[in-house]
Amino acid sequence: MKRSLYFAPLATAMLRQIDRRFVVNVWEIIDLLCEDPNQVDYRSDPLDPSVYGVTVAGDITVWFEILDEQHALRVLDIEE
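Computed from a predicted structure; not experimentally measured.

Definitions and limits used
- Residues numbered from 1 in each chain as written.
- Predicted model: local features only at pLDDT ≥ 70, side-chain atom pairs only at ≥ 80, totals over all residues.
- Heavy atoms only, no water.
- Pairing = 2+ DSSP bridges.
- Helix = DSSP H or I, 4+ residues; strand = E, 2+ residues; numbered from the N terminus.
- Axes fitted to C-alpha atoms, helices over the stretch in contact; angles between N-to-C directions.
- Contact = heavy atoms within 4.5 Å.
- Phe/Tyr/Trp six-rings, centres within 6.5 Å; stacked < 30°, edge-to-face > 60°.
- Buried < 20%, exposed > 50% of the residue type's maximum accessible area, 1.4 Å probe, protein only.

1. Quick notes on the sheet that holds strand 4 (residues 60-67)
Across the sheet, which stays open at both edges, the 5 strands sit in the order 1-5-4-3-2 with mixed pairing between neighbours. In this open sheet, the two strands that pair with only one neighbour each are strand 1 (4-7) and strand 2 (43-45). In this sheet, adjacent strand axes meet at a mean angle of 35° when their direction is disregarded. In this structure, strand 1 lies alongside strand 5 (residues 72-79), joined through 4 bridges in parallel fashion. Pairing of Tyr-6 across the sheet is with Arg-74, part of strand 5. Along the sheet face, helix 1 (residues 9-17) touches strand 1 and strand 5 and points at about 50° away from the line of strand 5.

See below:
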């Protein structure tokens, strides 16, 4: 079952600012994470172990959290 997807306002703003060539790559990773997070090689943030990051093409990092109770994924930030 696919997870619901939520975006923090900062992540939405950053998605609009990243290089258009890499937007497809970002969406592919987000889609994989929603399908099954175990398909993606992600790492936890050392300062907050409940936040995870995955790097995609173009050195873009997608920061997210897995909300098990709601069976959802929240994209917190996208960094270039």
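2. Side note on unusual backbone geometry
A positive phi angle is found at His-71, which is not glycine, with a value near 50°. Looking at the element boundaries, His-71 is found in the loop between strand 4 and strand 5.

3. Considering the packing of aromatic side chains
Taken as a whole, this structure holds 4 aromatic pairs when the rule is applied. Ring centres 5.5 Å apart and planes at 80° place the aromatic pair Tyr-42 and Phe-64 in the edge-to-face group. Taken together, the residues span a long stretch of sequence, with Tyr-42 in the loop between helix 2 (20-35) and strand 2 and Phe-64 in strand 4 at a distance of 22 residues. Assessed through its relative accessible area of 25%, Tyr-42 is described here as partly exposed. Put simply, the rings of Tyr-42, Tyr-52 and Phe-64 pair up and form one aromatic cluster.

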